[in-house]
Every structure is written in structure tokens, then in C-alpha cells.
Amino acid sequence: MCKHFTHAHMFCGRTDLSVTKGFTAELFLESSPMKLLLFLAFMSTILGHSYTSQNCTNTCHEHAKCEVRNGVQGCYCSPGFTGPGITGPDKPGCYDDNECANATQLCGENANCTNTVGSYFCTCASGFRSSNGNAIFVTNDGSSCKDINECSEAVTNACGDHAKCENLDGGYNCFCEEGYQPSTGKLQFKPNDGTSCQEIPAPECELNRECIAENVNRTLAKLRKIKEPLAVLQEINQSTLGQISPVDVISYIEALYITCPLIRTMTNKTSNEETLPNLTLNAFVNTVNNFVQKDKTAAWEAIPTDNRRRSLTKLIHAVEHTTALMSQNFRKTSEVEISASDLAFKVFAFDMQRMDHIHQHVRMGGDTIKISAKKKEPSTSNGTVAVVFLHYSSIGSLFSSLRNFSLKEDPEPEDTVVSSVIAVTISSTPPMLYPMEKITFILKHVQAIDKKDIKCAFWNYSEDTMEGKWSTEGCEKAHFNSTHTSCRCNHLTHFAVLMSSNDSDIVSAFKHSVHQFLFLNGTFL
């Protein structure tokens, strides 16, 4: 009689014990104790364990095997399947055992169980990863799901610019840094939900000393949080794109002026002839261009004269010194040119042994600049030289703004810039290796001029106070016509062509326009 075993998943059959044929009582009595022990172990194996048999009287299901288990022969379903194990009428055979439905948290916490035919696998929930690093695992391999700290992941910047990341169990939240606000109004937001962090607009500044100082300090405090000088430069670039307020012009020029020595130091330590012109100089020229391009004129004009000229002086001083020192890092003879909309930069870098092969003259924006060096003895001509040329096409009017011209009938003579502003500087190792003898330049007038009261001048300023004014010392006019002026100077710095305001039709036209504007707006002089 076949005995039914719970969960045996088999069809009962008669156990074949013919293997005992030939064993007699005499054999037991005559056998040694060792032989008897071996016989008992053999019978225990047959009767107490399962083994595969090919003698099942019924056909086993495709997911079952004919085996003898605990002395009972039958069709047993394979692991992962449940059922009687045989095929036939009303006999379902073996059907899939859904492990995921039959157990609670089979895969453990923070994991998902996926059933398959005859098996299953585990995956970690979103925001978690398996401890063994595999995408899928099973419960008996010792794996568990651990939280992913998205905020510490080197490749994660999902929160965007000016945002901080807060790690959570299985996820993370984003919130804006101090001084910025979320564009959607959500104090906490999720990545990619359309929220970005925008700078909180500063209150309207009246451009008095206190307001300017407060805005400068706020801007510097924001930039001090950025550790890398190049990243500071990139932040200034992004913050000054497009239209900006007059007080931001002052504030970001102050920030650029303070950052320039750090940029020069960083470049000296890390640059080489391949990366220097392509990265730092490009970023620097394009950032400065944001301040000097023509569409910034209105913001500049709104700044009081003294502050405007001081900021302009700081800007051109920083540009001259920074580009000269960065250009010293070229390790071989090089010629690099970078042009933005209103600022052009060009450098010749060479060693003195190759000086005869270098032509230190350029054409930039319709203007021509040429320098001549004093002759040196060959024995002392060892070292490297960088000759830098800068061309500002739109800042001349800012040094002689029409806002400053008197509306009196007989104003004091005042000089007006009627050309681009250019600069030439030389940097060498050792210093003074390439002393200049003279510089000649031909500058195009901003418009045709029929007067001859034209002067060649340079911007003479104090590096301590950044106060400056135009001076003609060391410069002379070589040639003049209605469209161009040729000049010679015996020193380097920033140059321009000036015209007396009393002789300027431009000034006269402007004064007439201002009188009309004031009259129409109810203001009388």
C-alpha cells in the first residue's frame, strides 16, 4: 500500500526490493561484523534516500523526474514547480511555483522580487544598489540592497547649478544655495522637474557709496565660495552675459580685479603651451569682452564719472598684466590670436635667439600697431619674451563720456576719444630683456574728422589709486587725415587718438540734443 507524503509531488508506485534477492539468514550469521555493517549502510541508502529510477509506471511531466525518495518511487516536480508530477486526465503535472507571491520580502528590504518560470530573481528598488554590485541577485547569495548616496557620487550633478543636494534613504532632494531661489517656488525639489536656482535680484541701488560697497561685498562673498580661480572666472562670465545693472558692472570688475592674480598663479603652476591659450586665455578674453562690448555702454554711462573711470582703469590694468604674465608660460615660439565681439588679443612669444624671425606688428580692427626694440648684444640675449597686443573697439567713449560735457556756452576744453583704445605690453624672463625703443600706430577715426586739433595720447594712471587721465607725454602725431591718425610714442601702455571737445561737431550735436531733451521734459537750465 502506497503511503501519501505531504508536498511529496509524486505518483506512488511499488518499490522494487529485488536487490535483496540471494541474501539468506545463513549469510547474516556467517558474515563478519564489518560485512554486516556495510550491508546495513547499503540498505539504508536504498530505503532512506532518493535516487533516479527509470521504472515509473506513469509518464512524468516535463518538469518532473522519476525518483525514489524515502523508499517511495514516483514522479517528483523539479525545484521551482509544484504539482503531482505526472501528466494525464485531470493531472496538471508541474506548474510554476510563484516564489515572490508565496513569501514575504523574499528578496529582503528595499528590493523587488521578479518571478520566472521555475525560478525568480531580485533587483534593488530605485535609489538602492546591491551589496555585491550586480544588477540581479537571489536571496541565498548574501546580497542586500544598500542606499545610494547620490550627493556623494562624483558623476552626479542632478540638482543643477547653485543648488545643494540632500541625501535621503532611497533618493535625494535638492534646494537652492544661499542667495538663490527656485524658479518654481518649491523650497525642495526633485531633479529634472523643471526647477532651477536663480539669483535673488538685488534691491535697486542708487549708486551711492554705501549701496555700491554693499553690492561689491555681496558679490565677493558669493564668489569666495568657489575654490578654483578658473571656476570663478567662468562664474563672472556667466553672471555678466547680456544686460546687467551699473552696480553689477562695478561689482564684477572688482571681483575680476581681485581674481586676476590667482588666475596668473594657477596658470604658472599648471599650464603648458597646449592648454594655456585654449582654456584660460580664451575664458579670460571672453569674460572681459562682456564688460567692454557696445551694448554695455548704457550701464557704464549710468555710473558716476569718478567711479566709472576708476572701474575702467582697474579693468584695463588687470587685462594688461594678466594677459602678459599668462603669455610667459608659452614654452616655444608661438603666435596666438583670440577675438571677441569688442575685444581682440594677440601675443607673440619667442626666445631671443629667434627674435629676427618675429615681426612685432599687427592689424586689429582696421588699426595698425608696430613696435621696435632696442638692439642688444648677443651675449646678453638669452631668455623668453611675450609681446601682447590688445584692441578695445568700443570703450573710447567711456573715457570721455558725453554726459560729462558742460552745457555752458563756453565750456572748458575737454578731450574726446575719437578712435579705438589699444594697448601693448611686453613681458620677459629675465625682466627688461626686450627694451622697447618706440611704438608706432595708425588708428582709424570713429567718424570722418575735418579738424586738425588731434592729439596722440596714453592713459596715465596710478596703480595705487586707479585714478587716471589722458596725457600726451612721450607721444607725437606723425600724420593726420580725415579718417586716420598716425602716432609715435616712446613708451608702452594704453593709447588712443583725442580731439578737443571745442572743435568737435559730435559734441555740438550732442549738446543740442540734450537741450532739446531737457526742454521737452520740463527741465530748464
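Residues numbered from 1 in each chain as written. Predicted model: local features only at pLDDT ≥ 70, side-chain atom pairs only at ≥ 80, totals over all residues. Heavy atoms only, no water.

Asks: Help me get a handle on the sheet that holds strand β19 (residues 367–373), residues and values and all.
Replies: The 5 strands lie next to each other as β18-β19-β23-β27-β26, forming an open sheet whose pairing is antiparallel. Strands at the two margins of the open sheet, each flanked by one partner only, are β18 (361–364) and β26 (475–480). Averaged over all neighbouring strand pairs, the angle between strand axes comes to 15°, with direction disregarded. (Pairing = 2+ DSSP bridges. Helix = DSSP H or I, 4+ residues; strand = E, 2+ residues; numbered from the N terminus. Axes fitted to C-alpha atoms, helices over the stretch in contact; angles between N-to-C directions.)

Asks: Requested: an account of the state of the cysteines, with residues and values cited.
Replies: In a disulfide, the sulfur atoms of two cysteines are covalently bonded to one another. Under the criterion given, the structure shown has 10 disulfides. The side chain of C100 participates in a disulfide bridge whose partner is C113; the two sulfur atoms lie 1.9 Å from each other. Note on the C100 and C113 pair: the S-S dihedral is about -70°, so by sign convention the disulfide is left-handed. Taken together, the residues C100 in helix α3 (residues 99–102) and C113 in strand β8 (residues 111–116) connect sequence positions 13 residues apart. (Disulfide = S-S within 2.5 Å.)

Asks: Please provide a residue-by-residue account of helix α4 (residues 209–224), values included.
Replies: Relative to the 22 Å expected for 16 residues at 1.5 Å per residue, α4 spans 22 Å between its end C-alpha atoms, a close match to the ideal helical length. Of the positions making up α4, those classed as buried are C211, I212, N215, V216, T219, L220, K222 and L223. Axial view of α4: buried residues confined to an arc of 160°, hence all on one face. Exposed residues lying more than 90 degrees from the buried face of α4 are R209, E210 and R224. A distance of 3.3 Å separates the backbone nitrogen of E210 from a side-chain oxygen at the start of α4, and that oxygen is part of N208. (Expected span 1.5 Å × (residues − 1). Buried < 20%, exposed > 50% of the residue type's maximum accessible area, 1.4 Å probe, protein only. Arc of directions from axis to C-beta. Polar contact = N/O pair within 3.5 Å; in protein donor to acceptor, adjacent residues only side chain to side chain.)

Asks: I'd like a rundown of unusual backbone geometry, residues and numbers included.
Replies: The omega angle of the peptide bond from T429 to P430 is 0°, so this bond is cis rather than trans. Counting through the fold element by element, P430 comes out in the loop between β22 (421–429) and β23 (436–444). Positive phi, normally seen in glycine, also occurs at H162, with a value near 60°. Summarising the element assignment, H162 is placed in the loop between β11 (145–147) and β12 (163–168). A relative accessible area of 23% means that H162 is categorised as partly exposed. With a phi close to 60°, M466 is a non-glycine residue in the positive phi region.

Asks: Now, about the packing of aromatic side chains: what can you tell me, with residues and values included?
Replies: Taken as a whole and judged by the stated rule, the model has 5 aromatic pairs. Aromatic pair F441 and F495: ring centres 5.1 Å apart, planes at 35°, arrangement tilted. Placement of F441 in strand β23 and of F495 in strand β28 (residues 494–500) is noted, with a sequence separation of 54 residues between them. Across this residue pair, the class does not change: F441 and F495 are buried. Centroid distance W459 to W470: 5.1 Å. Interplanar angle 70°. Geometry classified as edge-to-face. One end of the pair, W459, is in strand β24 (residues 454–461); the other, W470, is in strand β25 (residues 468–471), and 11 residues separate them in sequence. Classification of W470 as buried rests on a relative accessible area of 14%. What links up through ring pairs into an aromatic cluster is the set F399, W459 and W470. (Phe/Tyr/Trp six-rings, centres within 6.5 Å; stacked < 30°, edge-to-face > 60°.)

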